[in-house]
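Geometric and topological summary
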Amino acid sequence: MEKKNQNIPGTTQKYQNGQLLTSSGIPSLDSLLGGGFPRKTFMDLILKLFLNTFAEGIAKKHSVFIASQDVNPSSIIKELPAVIENEPETDSKISKTCDGSDKMKIAFRYQNLPTVDSSTSNIKHIGHSFDLSRNMSLNDIENSEIYYWTGQRIENGFNQSINKNINGWLIQSEHHLLHCNFTPPYRDRGGPNSMGFGFSSERSKTFSNPAYNELLKSIKNKIKEGKFFLKDNPVKRSVLRIGIHSLGSPMWLPHRKSLHSINSTRDLDMFIFCLRALVRSAYAIAVITVPTHLYHEVSLDRCIHSSDIAMRLQAFSGTELENNQSLSDYQGFFYLTKLAAINSLVSRHPGSIEYAFKLRRKKFSIEVLHLPPDIQDDGKKENLPSFGCGRGNKQLLDF
Amino acid sequence: MSEVILEIEGFSGPCWVCKRTLIRSSGCVKQVALAAASPPKYHLDTLCSLSDIAVVTMISLSDPRNSNPVLSALKIKPQDKIISIRENLTADSNFILTHLIKQILYEKNRLCLVSFHNPVEHYQYVGKKLGYDLLKAVEDNVVKIVEPISDIVENIGLEENYLQEDKENLVKCFYHDIKRCLSDISTEETQTYLMVDDLSHLLDLGVDLSVIINFVNYCVNFINNDRVSVVLNSHVSSKIDEIIANNLQYIADVHIEVSPLNTGRSTDVTGFLTVERSTGKSRYHYKAFDRGDKNFPSR
């Protein structure tokens with residue numbers, strides 16, 4: 001079983017607990033998580049990470065399942081960043097130049113701290129680097145197995161007209177549609193409460209919004225069909241990457257009930273718990289983004305409990321930190337809320353280190369937050385009156 | 001005789017030769033371990049006699065109830081019928097459960113494990129690190145596992161069993177499953193433990209609070225049979241979870257609470273551990289290692 005795991009492209013096995021890791025698509029995030037997402041992982045996150053994760057999946061020829069009710073999932077796929085073919089400059093090169101520079105006197109409590117986190121720098125990077133300024137070529141996307149879920153029906157592939165040229169894929173798409181128990185077209189079957197949207201006619205017994213049930217069903221079918229279950233024995237083992245964008249947004253509210261009722265959060269809790277069960281029993285990872293800023297009273301604590309990794313990004317823009325000089329290098333704070341211990345007693349949570357994220361033209365990265373030294377001359381000091389026996393016309397470097 | 005290097009953290013126990021008690025509270029001790037079958041004729045630690053080689057195997061160490069830092073802090077006895085575990089917020093009480101399994105298997109007792117939160121695979125990996133083989137115990141009919149987290153996968157889309165509309169019926173079926181497992185493994189001579197890993201996941205399945213409390217009541221009634229004890233784990237993050245956990249705390253003989261540090265996270269200490277009995281309350285800080293946990297008394 002373990003030997004088989006090593007053959008899956010785009011994954012690596014962790015020695016200590018036999019975990020199978022797959023890259024998140026962001027080198028800095030991978031090293032923070034100890035190499036990548038454990039297979040069968042589960043997390044809440046934001047769009048840029050989301051894009052990178054799926055670009056990585058496509059680069060590694062993993063299957064991808066994207067679901068969203070807010071935006072068309074195919075437009076998410078169109079925005080995927082392109083892979084950088086040449087290896088980026090390694091961190092060791094950068095740290096070498098740092099070592100060579102003149103010694104600077106720093107406060108004693110920081111003196112013995114390593115400049116590069118040694119625990120993370122040992123980790124072999126298994127992913128690609130991506131260029132956010134360019135989009136992934138259509139060719140790459142065409143050659144990948146991508147499944148879209150829009151809340152109305154499953155579409156397989158990027159564009160049906162393109163698909164027709166690729167025989168194998170088209171067969172697969174038909175196969176897929178056969179397996180989903182959908183009876184299209186939904187729009188025509190709506191009752192008085194349907195407002196023209198799907199699922200109203202197929203009431204779910206457990207979820208107050210049947211969309212959750214349908215999505216779970218589709219994911220389960222996809223896992224079954226692609227033979228991603230642990231018990232399955234496919235010829236070539238691969239990993240399924242499931243992405244759910246803006247889960248729990250107003251688009252996911254039950255149709256008949258107004259705004260955030262208790263039941264709507266229960267739906268979310270139940271959905272995430274069921275998805276945990278699904279993902280834990282398959283070679284799959286699920287990345288979910290939840291627009292928490294839209295929630296006031298509803299708490300996500302139970303969802304976090306059911307997830308393996310939970311992260312939160314807080315942007316500076318629009319807050320009082322936006323114009324803070326010392327934070328000008330960063331776009332926002334990155335909080336690692338939870339990093340569960342899987343197959344182990346120890347979580348790799350790095351402790352109370354603060355992280356921030358940077359969004360450059362080409363790259364998205366997560367770094368330890370370093371405040372720059374306060375050596376800027378802001379002009380005020382020159383006007384300060386001098387005390388004691390010092391000369392009035394003091395030069396800046398005089399004492 | 002093959003040589004294995006073991007890294008032992010926070011180990012404590014008497015030396016076989018000079019009977020000196022060794023307590024390691026910090027740092028990591030590297031010792032040379034020879035095959036388990038060899039008689040204990042060497043000193044346990046090079047500190048006893050510098051010329052001797054230490055012989056240590058994780059499994060043949062002295063009674064884990066004394067030597068294991070977690071189990072010696074918990075001091076669970078057969079008289080403790082209801083053990084409730086509460087994990088607060090981001091803390092993970094899994095180490096308590098896996099250590100209790102170690103004690104149960106060491107005492108040759110029986111266990112019915114109901115797992116909502118982690119699949120069996122997880123317990124197996126952790127168990128191997130702690131020195132027991134859970135799957136082998138399952139084969140030997142010492143342990144029975146009810147695994148809703150795997151069974152649910154079958155129910156997705158079909159809305160049966162765990163995902164059925166009638167939540168009361170769900171809990172009833174679930175209870176009968178557990179009852180069957182308990183009667184399958186229990187014997188006259190041994191104590192049988194029922195361990196539920198995360199009762200609060202019943203809330204995620206849409207079960208009402210009153211039904212869950214009812215279920216707890218039924219579970220607790222198992223102890224009418226003197227040979228049965230229950231270990232109920234519950235996670236607390238919302239108000240409703242808290243009601244379940246408080247209820248468990250009220251009925252428990254031993255209440256164990258695991259919380260994260262109030263001030264954030266640290267690389268040296270993972271969190272707080274509180275063990276409460278009718279006789280008193282003891283508090284510890286704990287630090288999780290890959291081979292077990294270490295406790296420090298705390299005020």
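Structure shown above.
Here goes a summary of the coordinates provided.

Parameters and conventions
- Residues numbered from 1 in each chain as written.
- Chains lettered and ligands numbered in written order.
- Predicted model: local features only at pLDDT ≥ 70, side-chain atom pairs only at ≥ 80, totals over all residues.
- Heavy atoms only, no water.
- Helix = DSSP H or I, 4+ residues; strand = E, 2+ residues; numbered from the N terminus.
- Buried < 20%, exposed > 50% of the residue type's maximum accessible area, 1.4 Å probe, protein only.
- Contact = heavy atoms within 4.5 Å.
- Areas by Shrake-Rupley, 256 points an atom, 1.4 Å probe, with all protein chains shown as cover.
- Salt bridge = Lys/Arg side-chain N within 4 Å of Asp/Glu carboxyl O.
- Buried area = accessible area lost by both parts, 1.4 Å probe.
- Nonpolar A, V, L, I, M, F, W, Y, C, P; charged D, E, K, R; others polar.
- Core = buried A, V, L, I, M, F, W, Y, C linked by side-chain atoms within 4.5 Å.
- Phe/Tyr/Trp six-rings, centres within 6.5 Å; stacked < 30°, edge-to-face > 60°.
- Lys NZ or Arg CZ within 6 Å of the ring centre and 35° of its normal.
- Axes fitted to C-alpha atoms, helices over the stretch in contact; angles between N-to-C directions.
- Left-handed = near helix turned anticlockwise from the far one by under 90°.

We now examine the overall build of chain B. Across its full length, chain B carries 10 helices and 13 strands. A total of 299 residues make up chain B; the buried ones form 56% of that total. Put simply, 65% of the contacts in chain B that link residues at least 6 apart link residues at least 24 apart. For chain B, the accessible surface area stands at approximately 13300 Å², while carbon and sulfur atoms represent 51% of it.

Residue and element names in this part refer to chain A. Here the structure, examined in full by the defined rule, presents 15 salt bridges over all chains. A salt bridge links R276 to D308; its shortest N-O distance comes to 3.2 Å. One end of the pair, R276, is in helix α12 (residues 262-280); the other, D308, is in the loop between α13 (301-306) and β12 (309-315), and 32 residues separate them in sequence. Comparing R276 with D308 shows no difference in burial state: the two are buried. Connected through shared salt-bridge partners, R276, R280 and D308 make up one network.

Taken together, the 42 residues of chain A in the interface contact 49 residues of chain B. Carbon and sulfur atoms supply 54% of the area buried between chain A and chain B, which totals about 3800 Å² over both sides. Its largest share of buried area at the contact with chain B, chain A owes to A:F273, A:R302 and A:L345, together 21% of the area lost on that side. Linking chain A with chain B are three salt bridges, by the criterion used here. In this structure, B:D204 and A:R302 form a salt bridge, with 2.8 Å as the shortest nitrogen-oxygen distance. Of all the elements in the fold, those that place two or more residues in the side of chain A that touches chain B are α11 (210-225), α12 and α13 of chain A. Ranked by the residues each element gives to the side of chain A that touches chain B, the list is headed by α12(A), at nine residues. Tallied by class, residues from the side of chain A that touches chain B come to 13 nonpolar, 15 polar and 14 charged.

Turning to the nonpolar core, a few remarks are in order. With 74 residues, the main nonpolar core has A:I244, A:F271, A:L275 and B:L194 as its most contacted residues. By residue number, the principal contributor to this core is α12(A), which donates 10 residues. In this structure, A:L345, B:V70, B:V254 and B:V275 belong to the second largest nonpolar core, which totals 36 residues.

Moving on, we come to the packing of aromatic side chains. Per the counting criterion, the structure on display carries 12 aromatic pairs over all chains. Centroid distance A:F316 to A:F333: 4.9 Å. Interplanar angle 90°. Geometry classified as edge-to-face. Here A:F333 lies in strand β13 (residues 332-339) and A:F316 lies in the loop between β12 and β13, a separation of 17 residues in the sequence. Both residues of the pair, A:F316 and A:F333, belong to the buried class. An angle of 25° between the planes, with centres 5.2 Å apart, marks the rings of B:F174 and B:F215 as stacked. With B:F174 in helix α7 (residues 167-185) and B:F215 in helix α9 (residues 209-220), the pair connects residues that are 41 residues apart, well separated along the chain. Pair check on accessibility: B:F174 and B:F215 agree, each one buried. Linked through ring pairs, A:F273, B:F116, B:Y162, B:F174 and B:F215 together constitute an aromatic cluster. The positively charged end of A:K231 is found above the aromatic ring belonging to A:F229, 5.0 Å away from the centroid. Its guanidinium or amino end placed over the ring of B:F272, B:R283 lies 4.5 Å from that ring's centre, counting from NZ or CZ.

What follows covers the packing of helix α3 (residues 94-106) of chain B against helix α4 (residues 120-130) of chain B. Residue and element names in this part refer to chain B. Relative to each other, α3 and α4 sit at 65°, their axes nearing to 10 Å. At the point where α3 passes α4, the crossing takes the right-handed sense. Across the interface between the two elements, N94, T98, H99, I101 and K102 from α3 touch H122, Y123, V126 and L130 from α4. The residue makeup of the contact of α3 with α4, split by class, is four nonpolar, four polar and one charged.

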